[in-house]
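Each chain is listed here by its residues.
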Amino acid sequence: MNDLLYMEGRKIMETEALIVRYINILSEYMRQTTREYYEQTEYSARFNLSITHLHYLHAIQEMDGPTFKQLAEKFSVQKSTVTENIKRLIQKNIVSRQQSKKDLRVYHVYLTPKGNNLLSIENMGYFGFAKKMTQCLDKDQKEKFTEILKTITDNLRK
């Protein structure tokens, strides 16, 4: 009985190790595809943004005008950390801040047209990657793959 449990546990670990390996391979190809897409545009240097700054841009887009406090809560960081990151993004003209009309002590952060354009370019890179990744699949396989990804992401959001 213990041998059977060990064998099943080992098989699960091997499966998870393969999944990790494939995720790493996919991540590298996604970075490469996105990088290639950026290099084909006028924004080839990606504005020299860190992954943290890209996370901020996505959050600002998703939250539609968040306050510094809301960003600090989302990323579980100090408000001063948010202030520093937003300051850098403002200097690059990727985001802007606007004082609240309701409370003059509060500022909201918005993407500038340049920031929106940057995220559009990034999304085009992702679409290019998705196309590359699924080109070897037939229609039924693509549908099944999409269903599996939906199941996984829905579960992760719980």
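Placed above this text is the structure.
Each value, and the rule that gives it
- Residues numbered from 1 in each chain as written.
- Predicted model: local features only at pLDDT ≥ 70, side-chain atom pairs only at ≥ 80, totals over all residues.
- Heavy atoms only, no water.
- Axes fitted to C-alpha atoms, helices over the stretch in contact; angles between N-to-C directions.
- Helix = DSSP H or I, 4+ residues; strand = E, 2+ residues; numbered from the N terminus.
- Parallel < 35°, antiparallel > 145°, perpendicular 65-115°, else oblique.
- Contact = heavy atoms within 4.5 Å.
- Phe/Tyr/Trp six-rings, centres within 6.5 Å; stacked < 30°, edge-to-face > 60°.
- Lys NZ or Arg CZ within 6 Å of the ring centre and 35° of its normal.
- Expected span 1.5 Å × (residues − 1).
- Buried < 20%, exposed > 50% of the residue type's maximum accessible area, 1.4 Å probe, protein only.
- Salt bridge = Lys/Arg side-chain N within 4 Å of Asp/Glu carboxyl O.

Q: So what exactly am I meant to see when it comes to the packing of helix H2 (residues 51-63) against helix H5 (residues 113-134) here?
A: The relative placement of two packed helices comes down to the angle between their axes together with the axis-to-axis distance. Relative orientation of the contacting elements H2 and H5 amounts to 105 degrees, with a least axis distance of 11 Å. Taken together, the axis directions place H2 and H5 in an arrangement best described as roughly perpendicular. In this structure, H2 contributes Leu54, Leu57, His58 and Gln61 to the contact, and H5 contributes Asn116, Leu118, Leu119 and Glu122.

Q: Please explain the packing of aromatic side chains as it appears in this structure.
A: Two descriptors summarise a pair of aromatic rings, namely the distance from one centre to the other and the angle between the planes of the rings. Using the criterion set out here, one finds 1 aromatic pair in the structure. When the ring centre of Tyr107 is taken as reference, the NZ or CZ atom of Arg97 above it lies at 4.3 Å.

Q: I keep staring at H5 and nothing clicks. Help me out?
A: An α-helix turns once every 3.6 residues. As a result, residues three or four positions apart point the same way. A rise of 1.5 Å per residue sets the reference length of H5, with its 22 residues, at 32 Å; its end C-alpha atoms lie 31 Å apart and thus fit the reference within 8%. Of the positions making up H5, those classed as buried are Gly115, Leu118, Leu119, Ile121, Glu122, Gly125, Phe129 and Thr134.

Q: Would you take a moment to explain the pattern of salt bridges for this structure?
A: When charged atoms on two side chains of opposite charge get close, those side chains can pair. Throughout the structure, instances matching the rule amount to 3 salt bridges. Residues Arg105 and Asp103 are paired through a salt bridge, measuring 2.9 Å at the closest nitrogen-oxygen approach. The partly exposed category is assigned to Asp103, whose relative accessible area is 23%. Close ionic contact of Lys150 with Asp154 constitutes a salt bridge, the shortest N to O distance being 2.5 Å. Pair noted here: Lys150 and Asp154 are both in helix H6 (residues 139-156), with a separation of 4 residues, about one helical turn. On the basis of relative accessibility, which here comes to 31%, the residue Asp154 falls in the partly exposed class.

Everything listed here is a matter of coordinates, which is why it stays silent on function.
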